[in-house]
Amino acid sequence: PFYHPSGDYLAFISNPEGYSSFEIYLIPAEGRIDPVRVTWTDGFDGFPAFSPDGQRIVTGSGGQTVKEWDSASGRELLTLKGHEGRVRSQHPTHE
């Protein structure tokens, strides 16, 4: 899991839809409500990291891409393609 910069939320991956589709979920840090699904793509979306302002989530995938998502709406903002292997970590910056 990865904490939102405010400490109020955390992002994690899960696969309740089946092994082939890992997705990103958000849940309040106190865990009192059900998680909210953020990503809706086929395949593996994992290794979530929040931008420093908390407005975006960056994920890596087994499909050799990095994706940027709006953390409030779950809307995909950007896909970076061309990595030669699986993307297992990333670190968003202010830029």
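The structure this text deals with has already been given above.
Throughout, a residue's number is its position along its own chain's written sequence, starting from 1. At least 70 in pLDDT is required for a residue's local features to be given in this predicted model, at least 80 for side-chain atom pairs to be given and counted, and no such filter applies to totals for whole chains, interfaces and linings, which use all residues. In computing side-chain properties, one takes all heavy atoms of the structure into account and sets aside hydrogens as well as water.

1. A short note on the overall build of the protein chain
So, point 1. A count of helical and extended segments in the protein chain gives 0 helices and 8 strands.
So, point 2. Only DSSP runs of H or I reaching four residues or more are called helices, and only runs of E reaching two or more are called strands; each is numbered from the N terminus. Secondary structure elements in the protein chain, listed N-terminal to C-terminal, are β-β-β-β-β-β-β-β.
So, point 3. Every one of the 95 residues in the protein chain was classed for burial, and the buried ones make up 40%.
So, point 4. Across the protein chain, contacts joining residues at least 24 apart in sequence account for 29% of those joining residues at least 6 apart.
So, point 5. Counting only carbon and sulfur atoms, one obtains 51% of the accessible surface of the protein chain, whose full area is about 6000 Å². Remark: exposure states derive from per-residue accessible area (1.4 Å probe, protein chains only) relative to the maximum for the residue type, with buried under 20%, exposed over 50%, and partly exposed in between. We call two residues contacting when some pair of their heavy atoms lies within 4.5 Å. We get accessible surface area from the Shrake-Rupley algorithm with a probe of 1.4 Å; when it comes to residues, only the shown protein chains can shield them.

2. Topic: the sheet that holds strand E4 (residues 36-37)
So, point 1. In this scheme, strands are said to pair when DSSP sees at least two bridges between them. Strand order in the open sheet formed by 4 strands is E1-E2-E3-E4, with antiparallel pairing between adjacent strands. With partners counted over all chains shown, the strands left at the sheet margins are strand E1 (2-3) and E4, one partner each.
So, point 2. Across 6 bridges, the pairing between strand E2 (residues 9-14) and strand E3 (residues 23-28) is antiparallel. Each bridged residue has a counterpart across the sheet, and for Tyr9 the counterpart in E3 is Pro28.

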